[in-house]
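Notes for the structure review
Listed here are the chains, written in short residue letters.
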Amino acid sequence: MANRKGVFIGAYVPNELKESLKRRAAMEHRTLSQEITRILVEAVHGKGLPSGSVDRRAQNSTPRRRATDPLPRRRTDDLPYIAPENSKH
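Residues numbered from 1 in each chain as written. Predicted model: local features only at pLDDT ≥ 70, side-chain atom pairs only at ≥ 80, totals over all residues. Heavy atoms only, no water.

A look at the pattern of salt bridges
Here the idea is simple: oppositely charged side chains can pair when their charged atoms come close. Here the structure, examined in full by the defined rule, presents four salt bridges. Residue Arg30 is joined to Glu35 by a salt bridge in which the shortest nitrogen-to-oxygen separation is 2.9 Å. Taking relative accessible area as the criterion, Arg30 reaches 22% and is therefore assigned partly exposed. We note a salt bridge from Arg38 to Glu42, for which the minimum N-O separation is 2.8 Å. Here Arg38 pairs with Glu42, and both are found in helix α2 (residues 32-45), just four residues apart, close to one helical turn. (Salt bridge = Lys/Arg side-chain N within 4 Å of Asp/Glu carboxyl O. Buried < 20%, exposed > 50% of the residue type's maximum accessible area, 1.4 Å probe, protein only. Helix = DSSP H or I, 4+ residues; strand = E, 2+ residues; numbered from the N terminus.)

Set out below in structure tokens:
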């Protein structure tokens, strides 16, 4: 028997829901337990990165550049935006 870290949560679910979860887990190459854990984590902590993605930012890193850049944010060499004269939307 595997040495599991966690708590068993018992719940009664309709059989068709369990089968649906099993199929979804198999498509993602996960076990049923892993799929249920993923769903619970998303429900509690919000949706994270897409599966297969790795968050390489440090835990205490500053926000992305836009959040810390002082105004004006455009570079001095940038040309201003000029709207087209004959734009028909």
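Focus on the side chain of Glu35
With respect to the helices and strands, the residue Glu35 is situated in helix α2. Overall, Glu35 belongs to the buried group, its relative accessible area being 0%. Within polar-contact distance, the side chain of Glu35 engages the side chain of Arg30 at 2.9 Å. Dropping the residues within four chain positions of it, Glu35 is found in contact with Leu21, Arg24, Ala25 and Arg30. (Polar contact = N/O pair within 3.5 Å; in protein donor to acceptor, adjacent residues only side chain to side chain. Contact = heavy atoms within 4.5 Å.)

Quick notes on the confidence of the model for the chain
When pLDDT is averaged across the chain, the result is 77; 64% of the residues are at 70 or more. Across the chain, helix α1 (residues 15-27) holds the top mean pLDDT of 93, while helix α3 (residues 65-68) sits lowest at 60. (pLDDT = per-residue confidence, 0-100.)

Section: the environment of Glu42
What makes Glu42 partly exposed here is its relative accessible area of 28%. A polar side-chain atom of Glu42 sits 2.8 Å from a polar atom in the side chain of Arg38.

Focus on the layout of surface pockets
Of the voids in this model, the largest pocket is the one considered here, and its volume is about 850 Å³. Lining the largest pocket are 19 residues, and of these Phe8, Ile9, Ser33, Ile36 and Thr37 sit closest to its centre. When residues of the lining of the largest pocket are traced back to their parent elements, those giving at least two are α1 and α2. Of all the elements, α2 adds the most residues to the lining of the largest pocket, at six residues. Tallied by class, the residues present in the lining of the largest pocket amount to twelve nonpolar, four polar and three charged. (1 Å grid on protein atoms, 1.4 Å probe; cavity = no way out; pocket = protein on both sides within 12 Å on 5 of 7 lines; lining within 4 Å. Points joined across faces, edges and corners; volume = space filled by probe spheres on them. Nonpolar A, V, L, I, M, F, W, Y, C, P; charged D, E, K, R; others polar.)

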